[in-house]
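Survey of secondary and tertiary structure
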Amino acid sequence: MTISYNWLCDYLPEAVDPEKLSKILTSIGLEVESLEKYESIKGGLAGLVIGEVLETSQHPNADKLKLTKVNTGAAEPLQIVCGAANVAAGQKVVVATIGTTIYPVSGEPLTMKLAKIRSVESHGMICAEDEIGVGTSHEGIIVLPADAVVGSPAADYFLPYSDWIYEIGLTPNRMDAMSHYGVARDVCAYLTHHIAEARVKAPFVNGFTVDNTSLPIKVTIENTAACPRYAGVSISGVTVGESPKWLKNRLLAIGLRSINNIVDITNFILHETGQPLHAFDADAITGGEVIIKNLPAGTPFTTLDEKERKLDAEDLMICNAKEGMCIAGVFGGLKSGVTANTRNIFLESAWFHPVSIRKTSVRHELRTDAATRFEKGVDISNTVNVLKRAALLIKEIAGGDIASEIVDVYPDPQPKTEVSLKNHYLKKLSGKNYHGDAIKRILTSLGFEIVREGQDELRVAVPYSKPDISIPADIVEEILRIDGLDNIEIPATITISPAVEKLGQKESLKDKIAGYLVGQGFTEILTNSITNSKYFEEEVLAVTVKMINNLSEELNVLRPSMLETGLESIAYNLNRRNQHLQLFELGKTYFTQNVGEYTEEEHLCLYITGANHEDSWREKSKANDFYRLKGLAAAVLEAAGLNNVQFGVAEGEGLVLDVLYGKRKMGTLMQVSAKKLQSFDIKQPVFVLDLHFGQLLEAVNQNRIRYREVNKFPVMQRDLAMVVKRATSFESIEQTVKKLKLPKLKEVRLFDVFESEKLGADKKSMAISFLFADEEKTLTDKEVDAMIAKLIQGFENDLAAEIRK
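What to know about the packing of aromatic side chains
How two aromatic rings sit relative to each other is given by the distance of their centres and the angle of their planes. All chains considered together, the criterion is met by 11 aromatic pairs. Where Tyr157 meets Phe158, the ring centres are 5.1 Å apart and the plane angle is 80 degrees; that geometry is what we call edge-to-face. Each ring, one from Tyr535 and one from Phe536, has its centre 6.3 Å from the other, and the planes form 75 degrees; the classification is edge-to-face. Taken individually, Tyr535 and Phe536 each receive the classification buried, so the pair is uniform in this respect. Put simply, the rings of Trp7, Trp246 and Phe268 touch in pairs and so form one group of aromatic residues. Sitting over the ring of Phe693, Lys510 keeps its end group 5.6 Å from the ring centre. Above the ring of Tyr572, the side-chain terminus of Arg576 is found at 3.6 Å from the ring centroid.

If you want it as structure tokens, here you go:
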């Protein structure tokens, strides 16, 4: 939600400093995500002055340049070299003196310095429109009227508009704050509670009168469930044209372009009060009647964007006696919209059911400001007041007469919701004792009415502007907001009741693994489980969960794989020169087999790329590679209590291994393919470990941990170097060792691989370290040698190994 500081202050009894106001807004639950300066002309024309050209002469060294003497109100006139063809003596001009920074329409800011142009000094610049941002013309310098005051700031002449703009992160339930007036009401409630009584200023004084009844329009509501209230008024003799400067400034400051005075007024009212309005060309209302109803499914309707849309039977329409004119609360029609030729208008102010508007808006992919307000709920009691405000503004700005009585069709007026709040409940939820007067002051300043007041209970009527409030907890939230969320007291002691947590073991395992990885230099990430379908092949998309009401084209499926969202995060960091990454994520993937049948799986994913750490004076960095991640895979499972992890070659493009624990597949280890990396514009290798967390948890639950005394006897180490075929893997060596069943062999470790033509064609040397131990006695060399002999024989038989002496 975008809020203008200047606009907001129109409804406050006194202006509040922008920074202080920012803190107040955040304190009352309207979190300020950004506060930025807005200037209609960049730089605000600071330093620019009005000057008068006293004389001009030809530049001695350039045919297209002139020397000018310019009076800027200083003691001496300035000599300025000017290249504009239209410069002449006697002109009033805009001058950028030395030290002034100008902001061209295109290009970088430029600060004036004393310059020599073709050997002649120039003490500034006479400016064109596009050079200072007041226009786009570069045909010549700006020539001002003769009454422009020499030496006065250019800002006093052009009057650039400046403002402060707040971006507020509204929660979905705060429809009452989707307008400047709604935000001002909250601010005044805060000021009343904390400083002194502050009443929000009404947007206008009701001076509405009907000039004549020459243009009556009949209104009929056929679908009262989707449209409980509809009001309208006719205005004749309007002149559609450009909006006044103040109105354009208000809209431009919050990011809305000016269209014409009628449309601009409806947009102004929308952002002032939160009530959407729509203006029809009254001459296009066939039969002089407006009917709110549903049209048959498949009915074609052309909207303002000149697109023909097929209506759904549930789409509520604003119709004349012959055809549809507007998709109610969502988008106008091409035939009935206001144009430059419009002279008579019918102005609509209505309340449409949020569910109906939401469905229609999503169905036709029309996410308009009006639909956004209606689908969250607007103030049904304000329908006519806002209509009067808009009609008077139109009469003031576009001329014309109010040519009908206000038509207000409201067949079933809605009563206000009433909620009771008990004092002990307020204290229980807020943790704070509030005085009864403070509670009433906060609630009445927000528009609540006191219905009944008891010794321990307060019953209030909820304002129509807050349709989300229906239970006592909602009232407590309102009190806490205005008191200030920063003022919630933290108790000196916290008591908890122990409970058996069903998910305790699962969460404990996650914490244990996360702690281990952080200790290894990893950073945890959390990526969006909604991602882009373009990342996946058709066979994957066949079982992918697709979004029906996706917020954007890029986020349209639930991820079937953790890889792609992880690569997005890596690409984001690499693009910001963060090249050495070690990331992990605990997340979910999602699948569907049939309509309504969905499954989700939890994963632990590790991503490494670049170096394992930055260079330091003690140690140089090492590049992350496949084998480091393989070691981390084994270490993570060992940290979880699972030893003897195996790796098996898996199907896939490039280097891919299955991570195995017994006969159970725990996950996949891989180097990401070049094709996949290219799709994310990643130019360095990335290695990924994807563990199925459900399988890991199940294995941990089945694993029994047994205590074993630390061996008191010494460990014996022997090393073997052997020449084997180049294709021989360390896994095959491990398999040979397991076949020999040597219980006193405790560890097998590869510590060197050497390749050379001297070893023979297609050969390599592998150096293995063996650790032996006996838990009952000290091993002798004879016993160890016997086991080594068995190992050598096994390697020679199974691997055709040649033992190096």
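What follows picks up the thread again.
Points about empty space enclosed by the protein
Under the criterion given, the structure shown has 1 cavity of 30 Å³ or more. The calculated volume of the largest cavity comes to roughly 30 Å³. Along its surface, the largest cavity is lined by Asn173, Arg174, Asp176, Lys466, Asp468, Ile469, Glu477 and Glu478. In terms of residue class, the lining of the largest cavity is built from 1 nonpolar, 1 polar and 6 charged.

What to know about the layout of surface pockets
Reported here for the largest pocket is a volume of approximately 1400 Å³. Lys630, Val645, Phe730, Glu734 and Val748 are the residues nearest the centre of the largest pocket, which is lined by 36 residues in total. Residue assignment for the lining of the largest pocket shows that the elements contributing at least two residues are helix 17 (626-639), strand 33 (645-649), strand 34 (656-661), helix 20 (730-740), strand 38 (745-754) and strand 39 (763-772). The calculated volume of the second largest pocket comes to roughly 1000 Å³. For the second largest pocket, the lining is made up of 33 residues, of which Ser561, Leu563, Glu564, Met670 and Lys676 are closest to its centre. Elements that contribute at least two residues to the lining of the second largest pocket include exactly helix 16 (563-574), strand 31 (581-592), strand 32 (598-609), strand 34, strand 35 (664-671), helix 18 (674-679) and strand 36 (686-692). At 4 residues, strand 35 tops the list of elements feeding residues into the lining of the second largest pocket.

Quick look at the pairing of strand 13 (residues 218-221)
Of the two faces of strand 13, the one lined by Val219 and Ile221 is fully buried and the one lined by Lys218 and Thr220 carries no buried residue. In this sheet, strand 16 (residues 289-294) lies alongside strand 13 in parallel orientation, the contact comprising 4 bridges. Among the inter-strand pairings, Val219 is bridged to a residue of strand 16, identified as Val290.

Digging into the environment of Ser349
Topologically, Ser349 is positioned in strand 22 (residues 345-351). Its relative accessible area of 0% is what places Ser349 among the buried residues. Separated by 233 residues in the primary sequence, Ser349 and Gln582 have C-alpha atoms spaced 56 Å apart. Those residues in contact with Ser349, other than ones at most four positions away along the chain, are Tyr230, Ala231, Gln275, Leu277, Thr383 and Leu387. Reaching out from Ser349, the side chain makes a polar contact with the backbone oxygen of Thr383 at a distance of 2.8 Å.

Things to note about the sheet that holds strand 2 (residues 31-39)
Strand order in the open sheet formed by 3 strands is 1-12-2, and the pairing between neighbours is antiparallel. Each edge of the open sheet carries a strand with a single partner, namely strand 1 (2-4) and strand 2. The average undirected angle you get between the axes of adjacent strands in this sheet is 25 degrees. Where strand 1 meets strand 12 (residues 162-169), 3 bridges bridge the pair, whose relative direction is antiparallel. Bridged to Thr2 within strand 12 is Glu167.

Cut-offs and rules
Residues numbered from 1 in each chain as written. Predicted model: local features only at pLDDT ≥ 70, side-chain atom pairs only at ≥ 80, totals over all residues. Heavy atoms only, no water. Phe/Tyr/Trp six-rings, centres within 6.5 Å; stacked < 30°, edge-to-face > 60°. Buried < 20%, exposed > 50% of the residue type's maximum accessible area, 1.4 Å probe, protein only. Lys NZ or Arg CZ within 6 Å of the ring centre and 35° of its normal. 1 Å grid on protein atoms, 1.4 Å probe; cavity = no way out; pocket = protein on both sides within 12 Å on 5 of 7 lines; lining within 4 Å. Points joined across faces, edges and corners; volume = space filled by probe spheres on them. Nonpolar A, V, L, I, M, F, W, Y, C, P; charged D, E, K, R; others polar. Helix = DSSP H or I, 4+ residues; strand = E, 2+ residues; numbered from the N terminus. Pairing = 2+ DSSP bridges. Contact = heavy atoms within 4.5 Å. Polar contact = N/O pair within 3.5 Å; in protein donor to acceptor, adjacent residues only side chain to side chain. Axes fitted to C-alpha atoms, helices over the stretch in contact; angles between N-to-C directions.

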